[in-house]
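Reading the structure
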Amino acid sequence: EYAGRSIFDFVHPNDVAPAKRELAAIVHRANGGFTHELRWVRKDGIRRWVEVSGSNLLDDPAIGGVVLAYRDVTERKSTEEERQQDRQRTEALLQLLQSPNRSREEIVQFTVQQAVAMTGSDFGFFGFVDDAETVLSAHPSAAVLPQCGMGAQVPVDFRIAPSRRQLPDIIL
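A brief report on the enclosed structure follows. (Residues numbered from 1 in each chain as written. Predicted model: local features only at pLDDT ≥ 70, side-chain atom pairs only at ≥ 80, totals over all residues. Heavy atoms only, no water.)

Points about the overall build of the protein chain
Convention followed: Note on conventions: DSSP H or I runs of at least 4 residues are helices, E runs of at least 2 residues are strands, and numbering of each starts at the N terminus. Each residue is placed in one exposure class: buried if its accessible area under a 1.4 Å probe, protein chains only, is under 20% of its type's maximum, exposed if it is over 50%, and partly exposed if it falls in between. Any two residues having at least one pair of non-hydrogen atoms within 4.5 Å are treated as being in contact. To measure how exposed things are, a 1.4 Å probe is used in the Shrake-Rupley method; for residues, cover is taken only from the protein chains shown.
When helices and strands are tallied, the protein chain shows four helices and six strands. Beginning at the N terminus, the succession of helices and strands in the protein chain can be written as α-β-β-β-α-α-β-β-α-β. Expressed as a percentage of its 172 residues, the buried residues of the protein chain come to 24%. Nonlocal contacts in the protein chain, meaning residues at least 24 apart in sequence, comprise 35% of its contacts between residues at least 6 apart. For the protein chain, the exposed surface amounts to about 11900 Å²; the carbon and sulfur share of it is 53%.

Quick look at the packing of aromatic side chains
Applied cut-off: Classification of ring pairs rests on two measures: the distance between centres of Phe, Tyr or Trp rings, Trp counted by its six-membered ring, which must be within 6.5 Å, and the angle between planes, read as stacked under 30 degrees, edge-to-face over 60 and tilted in between. Charge over a ring is defined by NZ of Lys or CZ of Arg lying within 6 Å of the ring centre and within 35 degrees of the ring normal.
Scanning the model with the defined rule gives four aromatic pairs in all. The interplanar angle of 85 degrees and the centroid separation of 6.2 Å between the aromatic rings of Phe123 and Phe125 together place this pair among those described as edge-to-face. Given the relative accessible area of 35%, Phe123 is considered partly exposed. In this structure an aromatic cluster arises from ring pairing among Phe10, Trp40 and Tyr70. Positioned above the aromatic ring of Trp49 is the side chain of Lys77, whose terminal nitrogen or guanidinium carbon lies 4.3 Å from the ring centre.

Some thoughts on the sheet that holds strand E5 (residues 135-140)
Which entries qualify depends on this criterion: A pair of strands is considered paired only if DSSP assigns at least 2 bridges between the two. Note on geometry: axes are lines fitted to C-alpha atoms, helical ones only across the stretch in contact, with angles between N-to-C directions running from 0 to 180 degrees.
Sheet architecture is open: three strands sit in the order E4-E5-E6, paired in antiparallel fashion. Taken across any chain shown, the strands that pair with only one partner, and hence form the sheet edges, are strand E4 (125-129) and strand E6 (156-159). Ignoring strand direction, the axes of neighbouring strands in this sheet form an average angle of 25 degrees. Note: E4 against E5, five bridges, orientation antiparallel. Counted as the bridge partner of Phe125 is Pro140 from E5.

So, the environment of Gln88
Within the secondary structure, Gln88 sits in helix H2 (residues 74-97). The sequence separation of Gln88 and Gln114 amounts to 26 residues, and the corresponding C-alpha distance is 8.4 Å.

So, the environment of Val66
Within the secondary structure layout, Val66 lies in strand E3 (residues 65-72). In this structure Val66 comes out as partly exposed when scored by relative accessible area, which is 28%. In this structure, the C-alpha to C-alpha distance between Val66 and Gly33, residues 33 residues apart in sequence, is 9.3 Å. Those residues in contact with Val66 that sit more than four places away from it in its chain are Leu23, Ile26, Val27, Ser55, Asn56, Leu57 and Leu58.

Observations concerning helix H1 (residues 13-27)
To keep it simple, the criterion reads: Multiplying 1.5 Å by the residue count of a helix minus one yields the expected span of that helix.
Counted at 1.5 Å a residue, the expected span for H1 with its 15 residues is 21 Å, and the 22 Å between its end C-alpha atoms agrees. Within H1, the full set of buried residues consists of Asp15, Val16, Ala19 and Ile26. Tucked into the core, H1 has its buried residues touching strand E1 (33-41), strand E2 (47-57) and E3.

Points about unusual backbone geometry
One non-glycine residue, Glu133, lies in positive phi territory at about 55 degrees. Secondary-structure assignment places Glu133 in the loop between E4 and E5.

Read these as layout, nothing more, since geometry by itself doesn't imply function.
Written out as structure tokens, the structure is:
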């Protein structure tokens, strides 16, 4: 099943170029070693983070090649990502607490921008429903305004149909 296929067929496309550079560098270092993290794509399509360690044994007559070993580090990477997100949220909250005189709109825009940054999204919205549940006021991130030709028309109000009295499907 794997015979005749390149090892790079199983590497996530975004990680192929760095992995090739690392492998090329090790080939030129006699008795050198390396460790590199990349995303591995299993035959069922599931992506896993792996740590690849390699040794250049081209000069060893018994081996005559580069030896690679890998281990799954997906759980560790997931934990690191969760910790990073926790740090980002904590930093954002501290920034809000250190600026008590911000207006509602400044707080909303700050919150939207932080959410966009934390999720890696291109844009985002923050929405408020009025007490009567008849209007949804959407506060878009700054990136949305020029893309949608909205100018400075913030917030954007959407009427909620009286018969439904539910949040419309436009909330992202």
